[in-house]
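Understanding the architecture of this molecule
Each chain, written out:
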Amino acid sequence: MTTTLTRPHLSGESQATPFFSVRDIHSYYGESYIVQGVSFDVNEGDVVALLGRNGAGKSSTLRTLARAAEPELKSGEIWLRGEAIHKLKDFQAAQKGIQLVQEDRRIIPGLTVEENLQLAQIAEPKGWPLEQIYQHFPRLAERRKQEGITLSGGEQQMLAVARALARDIKLLLLDEPYEGLAPVIVREIEGIVREIKALGITTIIVEQNAVAALQLANRALILDMGQIVYSGSPDELLANEDLRNQYLAI
Ligand SMILES: Nc1ncnc2c1ncn2[C@@H]1O[C@H](COP(=O)(O)OP(=O)(O)OP(=O)(O)O)[C@@H](O)[C@H]1O
Ligand SMILES: [Mg+2]
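The residue numbers shown here count from 1 along each chain, following its written sequence. Starting at A for chains and at 1 for ligands, labels are handed out in the order in which the entities are written. Local features in this predicted model are restricted to residues whose pLDDT is 70 or higher, and side-chain atom pairs enter the listing and the counts only when it is 80 or higher, whereas totals over whole chains, interfaces and linings include all residues.

Quick look at the sheet that holds strand β7 (residues 171-175) now. Within a sheet, each strand pairs with its neighbour through backbone hydrogen bonds, oriented either parallel or antiparallel. Any two strands between which DSSP finds at least two bridges are classified as paired. A helix here means a DSSP run of H or I that spans at least four residues, while a strand means a run of E at least two residues long, and both kinds are numbered starting from the N terminus. Spatially, β6-β7-β8-β3-β9-β10 is the arrangement adopted by the 6 strands of the open sheet, whose pairing is mixed. Of all the strands in the sheet, the pair left with one neighbour each is β6 (98-101) and β10 (227-232). Ignoring which end each strand starts from, the neighbouring axes of this sheet average 20 degrees apart. All axes are obtained by fitting lines to C-alpha atoms, using only the stretch in contact for helices, and the reported angles, taken between N-to-C directions, cover 0 to 180 degrees.

Let us now look at the environment of K170. Relative to the elements of secondary structure, K170 occurs in the loop between α6 (153-166) and β7. Its 18 C-beta neighbours within 10 Å are what place K170 among the partly exposed residues. When the C-alpha atoms of K170 and G97 are compared, they prove to be 4.6 Å apart, with 73 residues separating the residues in sequence. Contact between two residues is assigned when their C-beta atoms, built from the backbone, lie within 7 Å. Contact partners of K170, with chain neighbours within four places excluded, come to L80, R81, G97, I98 and T202. The exposure label follows from counting other C-beta atoms within 10 Å of a residue's C-beta, where the C-beta atoms are placed from the backbone and the thresholds are 20 or more for buried and 12 or fewer for exposed, leaving partly exposed in between.

The subject of this paragraph is the site of ligand 1. Using a C-beta atom placed from the backbone for every residue, we mark a residue as near a molecule or strand if that atom lies within 6 Å of it. In the vicinity of ligand 1, the contacting residues are Y29, S32, I34, G52, N54, G55, A56, G57, K58, S59, S60 and E70. If you list the elements that add at least two residues to the shell around ligand 1, you get β2 (32-42) and α1 (58-65). When residues in the shell around ligand 1 are grouped by element, the largest group, 3 residues, is from α1.

It is worth spelling out unusual backbone geometry at this point. With omega at -5 degrees, the peptide bond leading from E70 into P71 counts as cis. Among the structural elements, P71 can be located in the loop between α1 and β4 (72-80). That bond from E124 to P125 is cis: its omega, -5 degrees, falls within 30 degrees of zero. A positive phi angle, close to 45 degrees, is found at M225, a residue other than glycine. The residue M225 is located in the loop between β9 (219-224) and β10 in this model.

What follows covers the packing of α6 against helix α7 (residues 183-198). Look at α6 against α7: their axes get within 10 Å of each other, and the N-to-C directions meet at 15 degrees. Between α6 and α7, the angle falls in the class roughly parallel. Like other packed secondary-structure pairs, α6 and α7 cross with a definite hand, here right-handed. On α7, the residues touching G154, Q157, M158 and V161 of α6 are I185, E188, I189 and I192. Residues belonging to the contact of α6 with α7 are distributed by class as follows: 5 nonpolar, 2 polar and 1 charged. Any angle that falls under 35 degrees is termed roughly parallel, while one over 145 is termed roughly antiparallel, one within 65 to 115 roughly perpendicular, and all others oblique. Crossing chirality is assigned from the near helix's rotation relative to the far helix, an anticlockwise turn below a right angle marking it left-handed and a clockwise turn marking it right-handed. Ten residues, namely Ala, Val, Leu, Ile, Met, Phe, Trp, Tyr, Cys and Pro, are considered nonpolar, four, namely Asp, Glu, Lys and Arg, are considered charged, and the remaining ones, Gly among them, are considered polar.

Structure (structure tokens):
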């Protein structure tokens, strides 16, 4: 695998420099080598579908990008608008605007919807004010005094996304936002992701529902055994029966 040593967004560089750049990242859970040299660039405003079979390393890749302690990033570089994210810890990456919405949604027990959102805004820099969040998420507005963990699965997913928007957001990482939700709720969450896209928020979305993700995305990546095996347009991918059969089961 070729490794480019070009550092994006150094002063004086051209506008062609990517907004977000992942350079040959390798990460491990203990001895277990999972993310095995992943590189890709993302332009500002892109929605990237990150697809692949179960166990391919999609969640591990998102966690690495958000600088979670596990898996541990052992080599490679991650750059967001010229900032070296690979040198940071998770909370620092979040301060730089990388917001990860994990599969399990991480709603905080004992807190209302509003308190969950307020907690996200304790640290600077803040993102959307609560009123703006409630405009985009009327269901959350109606339930602002309800304990977050008593929301339905779909509402909890909305709260998890809303909480990311309550932080200063430059890159949204969504791990299976439609998982376990009824089709009608999936469409509602899809509508929210579309609004986020229309606002120009750069997003990487991991989904088992590849068709839904590809309908939203303007770029697609396929991960297999911790490596990128496809990078290209959603249309090209949908037209490629071999890739669909081999990696997406569609
Ligand atoms: N905490 C962990 N400790 C050790 N190994 C892990 C851990 N989490 C994940 N793995 C392993 O890393 C590999 C990649 O897992 P990961 O969750 O990133 O895959 P994924 O593509 O998100 O899969 P899925 O589609 O099922 O969510 C798997 O082999 C998994 O068993
Ligand atoms: Mg996963």
